[in-house]
Number of protein chains: 2
Amino acid sequence: MPLIVTGSIGIDSIQAPTGDADDVLGGSCTHFAAAASFFTKARIVAAVGDDFPEHHLATMEQFNVDLAGLEKRAGSKTFRWRGKYHENMNDRDTLEVDLNVLAEALPPVPEDYKNSQYVFLANTHPAAQLDMLNQFPGRRLSIADTMDLWIETERESLLELLSKIDGLVLNDSEAIMLTEDSNTVRAADRILETGPKFVVVKKGEHGAFLVHQDGHVVLPAFPARNVVDPTGAGDSFAGGMMGCLAATGDLSIDGLRQAMAYGTIVASFNIESFSLTRLTEIERGHIDERLEQFRQMTVIGA
Amino acid sequence: MPLIVTGSIGIDSIQAPTGDADDVLGGSCTHFAAAASFFTKARIVAAVGDDFPEHHLATMEQFNVDLAGLEKRAGSKTFRWRGKYHENMNDRDTLEVDLNVLAEALPPVPEDYKNSQYVFLANTHPAAQLDMLNQFPGRRLSIADTMDLWIETERESLLELLSKIDGLVLNDSEAIMLTEDSNTVRAADRILETGPKFVVVKKGEHGAFLVHQDGHVVLPAFPARNVVDPTGAGDSFAGGMMGCLAATGDLSIDGLRQAMAYGTIVASFNIESFSLTRLTEIERGHIDERLEQFRQMTVIGA
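About the cut-offs
Residues numbered from 1 in each chain as written. Chains lettered and ligands numbered in written order. Predicted model: local features only at pLDDT ≥ 70, side-chain atom pairs only at ≥ 80, totals over all residues. Helix = DSSP H or I, 4+ residues; strand = E, 2+ residues; numbered from the N terminus. Buried ≥ 20, exposed ≤ 12 C-beta atoms within 10 Å, placed from the backbone. Contact = placed C-beta atoms within 7 Å. Axes fitted to C-alpha atoms, helices over the stretch in contact; angles between N-to-C directions. Parallel < 35°, antiparallel > 145°, perpendicular 65-115°, else oblique. Left-handed = near helix turned anticlockwise from the far one by under 90°. Nonpolar A, V, L, I, M, F, W, Y, C, P; charged D, E, K, R; others polar. Pairing = 2+ DSSP bridges. Least-squares fit on C-alpha atoms with pLDDT ≥ 70 in both.

Enquirer: Which parts of the structure should I look at to understand the environment of Met-242 of chain A?
Expert: Residues and elements named next belong to chain A. Note on placement: Met-242 falls in helix 8 (residues 233-248). Classification of Met-242 as buried rests on a count of 30 C-beta atoms within 10 Å. For the pair Met-242 and Glu-104, spaced 138 residues apart in sequence, the C-alpha separation works out to 26 Å. Look past the residues within four positions of Met-242 in its chain and what remains in contact with it is Leu-3, Ala-36, Tyr-118, Phe-120 and Ile-143.

Enquirer: Any chance you could explain the interface of chain B and chain A here in plain terms?
Expert: Interface size is commonly expressed as the accessible area that is lost once the parts come together. Between chain B and chain A, the contact holds 30 residues from the first and 30 residues from the second. For the side of chain B that touches chain A, the elements supplying multiple residues, two or more each, are helix 7 (184-192), strand 13 (215-219), helix 9 (253-270) and helix 11 (284-298) of chain B.

Enquirer: What is the right way to look at the packing of helix 1 (residues 28-36) of chain A against helix 8 of chain A in this model?
Expert: Geometrically, a packed helix pair is captured by the angle between its two axes and the distance between the axes. Residue and element names in this part refer to chain A. Two elements in contact, helix 1 and helix 8, have axes separated by 7 Å at closest approach and are oriented at 40°. In terms of axis orientation, helix 1 runs oblique to helix 8. Crossing geometry of helix 1 relative to helix 8 is assigned as right-handed. The segment helix 1 lies against helix 8, with Ser-28, His-31, Phe-32, Ala-33, Ala-34, Ala-35 and Ala-36 engaging Asp-235, Ser-236, Ala-238, Gly-239, Gly-240, Met-242 and Gly-243. The residue makeup of the contact of helix 1 with helix 8, split by class, is seven nonpolar, six polar and one charged.

Enquirer: I keep staring at the pairing of strand 1 (residues 3-6) of chain B and nothing clicks. Help me out?
Expert: As a general feature of sheets, a regular strand has side chains that alternate between the two faces. All names here are of chain B. The side-chain alternation of strand 1 yields two buried faces, one formed by Leu-3 and Val-5 and the other by Ile-4 and Thr-6. Alignment of strand 1 against strand 4 (residues 42-49), held across four bridges, turns out to be parallel. Looking across to strand 4, one finds that Ile-4 is bridged to Arg-43. Alignment of strand 1 against strand 8 (residues 118-121), held across four bridges, turns out to be parallel. When the bridges of strand 8 are listed, Leu-3 appears paired with Tyr-118.

Enquirer: Could you clarify how one ought to interpret the sheet that holds strand 5 (residues 65-73) of chain B in this entry?
Expert: Within a sheet, each strand pairs with its neighbour through backbone hydrogen bonds, oriented either parallel or antiparallel. Residue and element names in this part refer to chain B. One open sheet holds the nine strands; their spatial order is 5-4-1-8-9-10-11-12-13, and the pairing between them is mixed. The outermost strands of the open sheet, each flanked by one partner alone, are strand 5 and strand 13. Averaged over all pairs of adjacent strands, the angle between strand axes in this sheet comes to 15°, irrespective of strand direction. The strands touched by helix 3 (residues 126-133) within the sheet are strand 1, strand 8 and strand 9 (141-145), with strand 8 carrying the most contacts at an inclination of about 165°. Helix 6 (residues 172-179) contacts strand 10 (167-171) and strand 11 (198-202) of the sheet and is inclined by roughly 110° relative to strand 10.

Enquirer: Help me out: how do you make sense of the relation of the copies chain B and chain A in this one?
Expert: The pair of chain copies shares a relation made of a rotation about an axis and a shift along it. The two copies are related by a screw operation: chain B maps onto chain A through 180° of rotation and 0.0 Å of translation along the axis, at an RMSD of 0.0 Å. Both copies are brought into coincidence by an operation consistent with a two-fold rotation axis. Taking C-alpha positions as reference, the residue of chain B nearest the rotation axis is Pro-220 of chain B, located at 2.5 Å. When you check the interface residues of chain B against chain A, 100% turn up at the interface there too, and the contact is symmetric in its surfaces.

Structure representation (structure tokens):
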């Protein structure tokens, strides 16, 4: 089923104990769409500036994505992020961030995207997420991501968004910030009370869990020995999850759990290189193979 | 099959956001043995002082444990620990620790313990762990726990111990300290190279994983809304795991995975009260019931 995603497409410069990467392709929408594309075609609505390099566009075209909604806006500049990872590869500092075109209006939704039934709102201003959401009254599933900035500064808009979406994806620290409950499971329960049918809490190298009125999912991360660059891990997790849901249409707890497992595996590939490099090297078969390894590591007897 | 454990039996005083508990029953051996006792009889070798209260002894007698090797030593005092948990219930400060009888020699191993085939060496000086280990040449499985103190001060003894035991259980921060590798999976690989057949890395609220020459296990923790006191969580995890292994005799990767799942569940009950209170309230049926809930939260389709 058609999946649409809106969010950032950016140019990242990353310093890490594993090396440096300058001016590589990044952004929440980018990692999400690449991950989702292993399961279904991902329709992108996003803007870049006229400085956006052709070779980054060529990289995106290697995936099963629809770029009809990608606008290269004359006179604008592409979103840029510069960050540095600590020795443990989990903590990071943002050294520089230039919103550029991200601070402007989104491009219009192409006419042939209007029948999208799976809508993912990557992290941006909750009012902009609401605007986009309202353009898809026939949607079957909507999931949004958010961040600490909006929790602090746009709580009202965020709460309105929460009352309208099906699912929220956020980090453990963000769940604690949003609810002021230091127990992440209780925090997720409390977010559930504000409207969504389910909440997915991402814990980075420690996996993710989901609370839903019908039950719970709790999954570890795939054990990673070779972490080159964690940038986009959460976005590729969400992309793999949402891509799987759009492909199967199974929104039951079992379907959500299977989708989260696929998200976990795509994210485990994403972090093995800078930018999208590793994802350009693999096929769906590699994902299924690693999912089977993951299943064997986690299966508990009845 | 008979299981023997040596470690600390202590008196704890705990301050936590959930309340205070003074002079309650604690210690690594205590939490381990109580947890293991749901699966098999746990033989205890440990010493307490003549100040050890009768009601603490009565609590221990509620579990399926053999106290023939528990010495109440005249003229000595019981090990005491005083600690304070932070708001997040994960970080804690040790406010006071009195080794007392723990700094003295262990009591002798009772004659009818000598046929113990499952040997757990809870955290203490590695030389003392080696001494105990050598008294069980016919053992089928030996697992040791350790801590930062011995990694820093007794590395030689610890490495000798590692060359002789089957399994090591330790925290993620300790695995990093022991190997100076900040990636915990690689750290576990490196510990494996020093001798043990498997290494179990405990991550508290984030679960645990195992590396073994035959494969991996990775499990999240059971989602906990009601954390009253995390003291002894790691010991009850190890106790549930080792008790299960002693009961089934299945030392394959599948057996280890199942045992770790049981350890996870017993630990999830242990943290629901101060001291052993919650474990005195439950039966094996409650553990199996929660294990089934856990299985349903984690099962990934083939």
